[in-house]
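Observations on the three-dimensional arrangement
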Amino acid sequence: MATNRTFTMIKPDAVANGHIGAILNDIIASGFRIVAMKYTKLSPEKAGEFYAVHKERGFYGDLVSFMSSGPIVAAILEKTNAVEDFRALIGATNPADAAEGTIRQKYAKSIDANAVHGSDSDENAEIEGNFYFTAFDKF
Ligand code: CMP
């Protein structure tokens, strides 16, 4: 599998609970290289735009208000088989179902406040990374 990229956000719950350092450490220790990274805060409008794919879902309103409730860390990560390996590292969307040792099992509290986002495909990784970063931000 060729080296490729995924996109992540360390979500407001994990930032507020002081887990930025531990989560970045787990990510780097798992062999991911940071291509781009930003500490920022989404407005409700930008959060709505980022999660527009979930617009029809019942949880959309709560998701948008949670993701704009505090600062996040956005990053593009590179590794062989990046999307799949990163989803294995973070664990199931609902931390109650996340495997032992995964980031969500260790740091997440609920399906809403689930510590991290990980892209679900190479195509979405590209779209999501470009939502935050230009070509000049990627190293
Ligand atoms: P994320 O991978 O960032 O993408 C959408 C988010 O919606 C997801 O993580 C969860 O935090 C949140 N969410 C809340 N309820 C649900 C649900 N029932 N199914 C999937 N995602 C949900």
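What you see is a predicted model, and the numbers here were worked out from it, not measured in a lab.

**Describing the overall build of the protein**
When its secondary structure is counted, the protein shows seven helices and four strands. Written out in order from the N terminus, the α and β elements of the protein read β-α-α-β-α-α-β-α-α-β-α. Since a compact globule built from 139 residues should have a radius of gyration of about 14 Å, the 14 Å found for the protein is in line with a globular shape. Its C-alpha atoms give the protein principal-axis dimensions of about 35 × 35 × 25 Å. The buried share of the protein, taken over its 139 residues, is 47%.

**With respect to the UniProt feature "active site" (unreviewed entry) in the protein**
Annotation from UniProt places "active site" (unreviewed entry) at His117. Turning to its location among the elements, His117 is positioned in strand S4 (residues 116-118). Dropping the residues within four chain positions of it, His117 is found in contact with Phe7, Thr8, Met9, Lys11, Phe50, Tyr51, Phe86, Ile90, Arg104 and Glu128.

**Describing the site of the ligand**
If you check the shell around the ligand, you find Lys11, Tyr51, His54, Arg57, Phe59, Leu63, Thr93, Arg104, Ile111, Asp112, Asn114 and His117 and nothing else. The separation between an oxygen atom of the ligand and a polar side-chain atom of Tyr51 is 2.9 Å. Interatomic distance of 2.9 Å between a side-chain N/O atom of His117 and an oxygen atom of the ligand. Grouping the amino acids of the shell around the ligand by side-chain chemistry returns four nonpolar, four polar and four charged.

Each value, and the rule that gives it
- Residues numbered from 1 in each chain as written.
- Predicted model: local features only at pLDDT ≥ 70, side-chain atom pairs only at ≥ 80, totals over all residues.
- Heavy atoms only, no water.
- Helix = DSSP H or I, 4+ residues; strand = E, 2+ residues; numbered from the N terminus.
- Rg over C-alpha atoms; globule rule 2.2 N^0.38 Å.
- Buried < 20%, exposed > 50% of the residue type's maximum accessible area, 1.4 Å probe, protein only.
- UniProt positions renumbered as here; feature names shortened; annotations may be inferred.
- Contact = heavy atoms within 4.5 Å.
- Near = heavy atom within 4 Å.
- Polar contact = N/O pair within 3.5 Å; in protein donor to acceptor, adjacent residues only side chain to side chain.
- Nonpolar A, V, L, I, M, F, W, Y, C, P; charged D, E, K, R; others polar.

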